[in-house]
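# Structural overview for review
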Amino acid sequence: MEHVADTFDLAEVSSAIRGCLPKDRASFELHEPWFNGNEKRYVDECIETGWVSSLGKFVDTLERKLEEFTGVQKAFALVNGTSALHMALKMTDVDFNDEVLVPDLTFVATANAVSYCGAIPHFVDSETRTLGMDAAKLEGWLAEISQMKNGACFNKKTGRRIQAMVPMHTFGHPVDMDALAIVGRKYNIALIEDAAQSLGSFYKGKHTGHGGRLAILSFNGNKICSTGGGGAILTNDASLGQLTKHIATTAKLPHPWAFEHDHIGYNYRMPNINAALGVAQLEQLPDFLKRKRALAMRYREAFSKVSGVRFFEEPDFAKSNYWLNVILLDEEAKEKRDDLLNFLVSQGIKARPAWKLMHKLAMYQDCPRMDVSVAENLEARLVNIPSSAFLGDES
Ligand SMILES: *Cc1c(COP(=O)(O)O)cnc(C)c1O
């Protein structure tokens, strides 16, 4: 493959990235939190008033702000996105020995939360258009391997019930939820949205998180808005939402002094001190989104002139938050991926590949999966490049 060297030049890729970034810095992380607003004031207020734990006005304010921003009826702030996924699966009746469909190309938390329920992740391929779960390929796979019994979908090969699916909006780019919802209805498989990466991303004009029974967000340190650690559950089903909140907060029956609990509950509520950060961050989210889009558009322009690589753009039905910007190496250039990563890092530009595919991890290698050749191809070609909000202009 001698021609690769002619069409793909590490220095050219590096200078395309460098040209989009501020001149007054020597090195760039992939994604850094940015506390540029009322964070310190709100956190101080928690300390001064003593309201630092799971009761306090910032938790409620954060939840109301999330409802307002996403348009979802009920939002509950939790300790992190992984526990939010765990709760969402529990609330969808995912039981011991069920199977749950998850993308092969995702962050490990999606699969881990399934394992916490004693259930088994079943890996689904991606489509190139969205990087997320391929609904058409999934439907073909279910037609081949599943069988309906008493209204539930069973995997004929393993004998296990397939109870839920958890599509994920990869790097902030919305997956095709409508297409997945059709498959879910046909096979009676509950839909949970892993929107951990897509706060501020819209699918067909609506914020992500409206497509399933429940959705989750994450406010981890590297996400678009950070509470240190944190997450949330979103739902449009008010009574399911109420029950979720009850179970996530130890399932205690309201009483002035008696301790009585009516479910095995969890201690998953977000502390007020984290929510204080969250409220300040959400105040800045519209600005973060503008800046991230401005940076993405600069990358798009710069990479239109670089051969051997393409900047990944939002699907046409979506408006993405461009949480982590993605470049995809051409087929002929993919064997240069690690050279590129090393070169970029040597230039002070933090870059990294996609997550190792779930089925390649030791604990998940024996789990059921369909053909995942598209995810494998994406894994080989995909590189994330610096994406922090403050790198983009306010425009
Ligand atoms: C970040 C993330 C999570 C988990 O969130 P935490 O808050 O870190 O527990 C879950 N799923 C995906 C896809 C994520 O990126």
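Residues numbered from 1 in each chain as written. Predicted model: local features only at pLDDT ≥ 70, side-chain atom pairs only at ≥ 80, totals over all residues. Heavy atoms only, no water.

### Concerning the environment of alanine 333
Within the element layout of this structure, alanine 333 appears in the loop between β14 (325-329) and α11 (337-346). Along the chain, alanine 333 and serine 307 lie 26 residues apart, while their C-alpha atoms are 9.7 Å from each other. (Helix = DSSP H or I, 4+ residues; strand = E, 2+ residues; numbered from the N terminus.)

### Here we look at the site of the ligand
Around the ligand, a shell composed of 15 residues is seen, among which Gly81, Thr82, Gln197, Ser218 and Lys223 lie nearest. Lysine 223 places a side-chain nitrogen or oxygen 3.1 Å from an oxygen atom of the ligand. Glycine 230 has a polar backbone atom sitting 3.5 Å from an oxygen atom of the ligand. Coverage of the ligand by the protein chains reaches 93% of its 380 Å² of free accessible surface. Going through the elements one at a time, α5 (81-91) and α6 (109-116) are the ones with two or more residues in the shell around the ligand. When its residues are assigned to classes, the shell around the ligand shows four nonpolar, nine polar and two charged. (Near = heavy atom within 4 Å. Polar contact = N/O pair within 3.5 Å; in protein donor to acceptor, adjacent residues only side chain to side chain. Areas by Shrake-Rupley, 256 points an atom, 1.4 Å probe, with all protein chains shown as cover. Nonpolar A, V, L, I, M, F, W, Y, C, P; charged D, E, K, R; others polar.)

### Describing the domain arrangement of the protein
Here the domain parsing of the protein yields domain 1 (4-33 + 285-392) and domain 2 (39-283). Each of domain 1 and domain 2 has a C-alpha centre, and the two are 26 Å apart. Listed as interface residues are 41 residues of domain 1 and, on the opposing side, 53 residues of domain 2. Taken together, the two surfaces of domain 1 and domain 2 that pack against each other cover about 4000 Å², and 69% of this comes from carbon and sulfur. Our enumeration of links across domain 1 and domain 2 arrives at one salt bridge. Put simply, aspartate 371 and lysine 137 hold a salt bridge, and the shortest N to O gap is 2.7 Å. Sorting the residues of the side of domain 1 that touches domain 2 by element identifies α10 (272-303), β13 (318-319), α12 (373-381) and β16 (382-385) as the ones contributing at least two each. Per element, the largest residue contribution to the side of domain 1 that touches domain 2 is five residues, and it comes from α10. (Domains from an automatic or database assignment. Contact = heavy atoms within 4.5 Å. Buried area = accessible area lost by both parts, 1.4 Å probe. Salt bridge = Lys/Arg side-chain N within 4 Å of Asp/Glu carboxyl O.)

### A few points about the environment of proline 22
Along the chain, the position of proline 22 falls in the loop between α2 (10-20) and α3 (39-49). Overall, the relative accessible area of 23% leaves proline 22 in the partly exposed class. A sequence separation of 124 residues divides proline 22 from serine 146, and the C-alpha atoms of the two residues are 53 Å apart. What proline 22 contacts, discounting residues up to four positions off in sequence, is Phe28 and Leu391. (Buried < 20%, exposed > 50% of the residue type's maximum accessible area, 1.4 Å probe, protein only.)

### Here we look at the pattern of salt bridges
Tallied over the full model, the rule gives 24 salt bridges. Among the salt bridges present, the one from arginine 269 reaches glutamate 63, with a minimum N-O distance of 2.7 Å. Linking arginine 269 in the loop between α9 (238-248) and α10 with glutamate 63 in helix α4 (residues 57-70), this pair joins segments that are 206 residues apart in sequence. Judged by its relative accessible area of 11%, arginine 269 falls in the buried class. As a salt-bridge pair, lysine 360 and glutamate 379 come within 2.7 Å of each other at their nearest N and O atoms.

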